[in-house]
Amino acid sequence: MRWQGRRESENIEDRRGMRGGAMVVGGGIGTILLILVMVLLGADPQQLINQLPQQPGAGAQQEGPAEASPQEEELKKFVATTLASTEDVWNQLFQETGGQYREPILVLFRGQVQSACGFASAAVGPFYCPADEKVYLDMSFFDELDSKFGAPGDFAQAYVIAHEIGHHVQKIMGISDKVAAMRGRMSPEEYNQLSVRVELQADFFAGVWAHRAQKASRILEPGDIEEGLRAANAIGDDRLQRQTRGQVVPDSFTHGTSEQRVRWFRKGLETGDLKQGDTFNAREL
Ligand SMILES: [Zn+2]
């Protein structure tokens with residue numbers, strides 16, 4: 001994928017230096033002082049201690065962006081550039097239909113993160129939270145894409161980002177709210193089927209992004225399409241089973257089969273036409 005030297009988005013929230021979405025309090029004195037202050041303010045000390053972020057030990061080094069490897073910084077640049085490309089494409093697409101796109105924030109984190117949708121660990125993979133309109137990404141998922149799912153390559157990574165952005169587009173279009181409202185009136189099986197349609201549409205939107213980005217700035221290199229299709233194929237729910245109990249994971253619903261994901265991504269990629277992406281009324285998925 002041709003991305004180097006292009007605009008990087010400023011809508012990146014770098015929380016890699018934090019744990020569980022809160023700043024690391026620092027072991028020892030800082031923690032004790034904080035507990036003291038909270039207790040003086042009337043908090044229950046036992047509860048406070050339970051709420052403290054897990055610390056591997058008193059001498060633990062605080063993680064932070066400053067300690068990121070050059071490879072990781074390069075990856076962050078790639079993410080920011082891909083995000084910028086989705087902004088350009090979706091700003092344009094919304095303008096064309098007389099609408100207005102709201103650019104989402106992409107949160108980079110390590111290990112675990114607090115979102116408006118709840119607490120999540122990196123094990124669930126990247127996800128979008130409609131409540132705060134943010135995409136959450138632990139970049140170590142990109143290693144997994146390669147090592148675990150057999151989908152290496154920068155365009156495979158871009159596809160993952162574009163899919164999550166697709167969920168944001170659904171939110172702005174009012175689709176997410178409609179789906180959420182229907183949830184209470186459906187059986188779990190019906191809702192699961194609806195979730196598949198949501199996921200396949202996000203794949204379609206990822207394809208539309210690639211189509212438009214290619215048209216506007218020729219991002220694709222030989223082999224890129226294959227990388228994207230491989231990723232769509234690899235992380236279908238028949239191969240991706242990563243439910244984590246007790247945590248809110250907005251993107252953990254059924255994604256559709258690998259074959260369905262490839263088909264809808266390809267449809268968006270080939271047509272670039274938003275009208276073709278109504279997975280909700282499609283007879284065949
Ligand atoms: Zn999804």
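Residues numbered from 1 in each chain as written. Predicted model: local features only at pLDDT ≥ 70, side-chain atom pairs only at ≥ 80, totals over all residues. Heavy atoms only, no water.

Caption draft 1: Region of interest: the sheet that holds strand 7 (residues 127–129). Taken in spatial order, the four strands line up as 1-4-8-7 in an open sheet, and their pairing is mixed. Edge positions in the sheet fall to strand 1 (12–14) and strand 7, since each of these pairs with one other strand and no more. Sheet twist, expressed as the average angle between the axes of neighbouring strands with direction ignored, equals 25°. In the sheet, strand 1 pairs with strand 4 (residues 105–108) via three bridges, with the strands oriented parallel. Note on strand 4: the bridge partner recorded for Ile12 is Leu106. In the packing of helix 3 (residues 70–96) onto the sheet, the strands contacted are strand 1, strand 4 and strand 8 (134–137), and the crossing angle to strand 1 comes to about 155°. (Pairing = 2+ DSSP bridges. Helix = DSSP H or I, 4+ residues; strand = E, 2+ residues; numbered from the N terminus. Axes fitted to C-alpha atoms, helices over the stretch in contact; angles between N-to-C directions. Contact = heavy atoms within 4.5 Å.)

Caption draft 2: Molecular detail of the confidence of the model for the protein. Averaged over all residues, the pLDDT of the protein is 83; the fraction at 70 or higher stands at 76%. Within the protein, strand 3 (residues 22–23) has the poorest average pLDDT of any element, 48, and strand 4 the best, 98. Confidence over residues 238–252 falls short of pLDDT 50; this stretch has 37 contacts with residues more than four positions distant or in other chains. (pLDDT = per-residue confidence, 0-100.)

Caption draft 3: Main features of the state of the cysteines. Inspection of every chain in the model, using the stated rule, returns one disulfide. A sulfur-sulfur distance of 2.1 Å marks the disulfide that ties Cys117 to Cys129. Sign of the S-S torsion, about 90° for the bond between Cys117 and Cys129, identifies this disulfide as right-handed. With a gap of twelve residues between them, Cys117 in the loop between strand 5 (112–115) and strand 6 (118–121) and Cys129 in strand 7 connect regions that are remote in the sequence. As far as the burial class goes, Cys117 and Cys129 line up, both buried. (Disulfide = S-S within 2.5 Å. Buried < 20%, exposed > 50% of the residue type's maximum accessible area, 1.4 Å probe, protein only.)

Caption draft 4: Examining unusual backbone geometry more closely. Within the chain, Glu133 stands out as a residue other than glycine whose phi angle is a positive 55°. With respect to the secondary-structure elements, Glu133 resides in the loop between strand 7 and strand 8. Despite not being glycine, Arg218 has its phi angle at roughly 45°, a positive value. With respect to the element layout, Arg218 can be found in the loop between helix 7 (188–217) and helix 8 (224–234).

Caption draft 5: Here's a closer look at the pattern of salt bridges. Evaluated as defined, the whole model comprises 16 salt bridges. Two residues, Glu96 and Arg212, come together in a salt bridge whose shortest N-O distance is 2.5 Å. Separated by 116 residues along the polypeptide, Glu96 in helix 3 and Arg212 in helix 7 bring together distant segments of the chain. A relative accessible area of 46% means that Glu96 is categorised as partly exposed. Note that Lys275 and Asp273 form a salt bridge whose closest N and O atoms lie 3.9 Å from each other. On the basis of relative accessible area, Asp273 is assigned to the partly exposed category, the value being 25%. Each of the salt bridges in this network shares a partner with another, and the network as a whole consists of Asp14, Arg16, Glu72, Glu73, Lys76 and Arg110. (Salt bridge = Lys/Arg side-chain N within 4 Å of Asp/Glu carboxyl O.)

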